[in-house]
Amino acid sequence: MRYVAVAAALAAAPAYAGEAPAHNWTGVYIGANIGGGWASNGVGYAPNDPQASNLFFAGGKPAAASFDLSGVLGGVQLGYNHQLGSAWLIGVEADFEESGVSGSGSTSGVFAPYYTAPFNAPVQQGIEWFGTVRARLGFLPTSNLLAYGTAGFAYGRVGQRGSWDTNTPFAFGGGAYDVNCFGVNPSCFAGSSSKVATGWTAGAGLEYAVLRDWTLRAEYLHVSLAGGSTTETVLGDTAGALPSSFNAAFGRVSLNTARIGLSHQFR
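As the structure is a prediction and not an experimental result, all values here were calculated from the model.

(A) Structural view of the pairing of strand β12 (residues 245–250). Summarising the sheet, strand β1 (residues 27–47) and β12 pair through five bridges and their orientation is antiparallel. Along β12, the bridge assignment pairs V43 with F250.

What follows is the structure in structure tokens.
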């Protein structure tokens, strides 16, 4: 009789061995991620004083330019999940990303008050870092697989710079402001700025429990941050007059990201 019981137990063992325990998603987790980002943006120009208006009126206004940004990004995430029964999950997550996403563009033209002076107006913009604080709502097709949507607040440091370049020196003034492109070629005007911008974010992802306390994820996140601007000021000596300047206004940053990540769950 004893041998019969042992044989029955051994016969049943493979069926139980093949059944993985259901993953419990409730708890705090921390992890890291890496991926890439891409975006498109544009820049437009406006004079800040009468001499800059004269420059623009004489053909020196750069045309509005568009350009693309791209690069690698990576960072860390920290969050909390609360599983609701066997099919749903709610949670909150914060992440912080170092970013190499940047891009550049340029337009050109001819400034011709008395002679032809070709110019080029290059611009650059980069996202130095960004972070988000988001809610998550997830559905569990199986106990180990989570499909989720996420949305919330975003912030990040965005920097931009630009210049107005010419290899044909010239100067003009006669008022409170002056333009002097002698001795500073090729950049007659130049400027840069950087600020922490705020906005919103939304996205979706898949996360899979590979071990009891570890999960892998693939995620798309759209990050929208307020646009910035920089003042490009004349670089030559204006001999007591105020240096002329114009404004380069950049559009809203709409960053798309695709990331993979690994998280450890604490119970």
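(B) The environment of G191, seen in detail. With respect to the secondary-structure elements, G191 resides in strand β8 (residues 187–211). A residue is classified by how much of its surface remains accessible, and G191, at 17% relative accessible area, is buried. Expressed as a C-alpha distance, the spacing of G191 and F139, which sit 52 residues apart in the sequence, is 49 Å. The residues contacting G191, other than those within four sequence positions of it, are R161, G162, T230, T231 and E232.

(C) Local environment of the state of the cysteines. Throughout the structure, instances matching the rule amount to one disulfide. The disulfide partner of C181 is C188, and the S-S distance across this bridge is 1.8 Å. Taking the torsion about the S-S bond as the criterion, the C181 to C188 disulfide, at about -75°, is left-handed.

(D) Region of the structure containing the sheet that holds strand β7 (residues 177–180). The strand order across the open sheet formed by three strands is β6-β7-β11, and the pairing between neighbours is mixed. Each of the sheet's edge strands pairs with one partner strand only, and the pair in question is β6 (171–172) and β11 (242–243). Each of β6 and β7 touches helix α2 (residues 50–60); the most contacted strand, β7, lies at about 45° to it.

Each value, and the rule that gives it
Residues numbered from 1 in each chain as written. Predicted model: local features only at pLDDT ≥ 70, side-chain atom pairs only at ≥ 80, totals over all residues. Heavy atoms only, no water. Pairing = 2+ DSSP bridges. Helix = DSSP H or I, 4+ residues; strand = E, 2+ residues; numbered from the N terminus. Buried < 20%, exposed > 50% of the residue type's maximum accessible area, 1.4 Å probe, protein only. Contact = heavy atoms within 4.5 Å. Disulfide = S-S within 2.5 Å. Axes fitted to C-alpha atoms, helices over the stretch in contact; angles between N-to-C directions.

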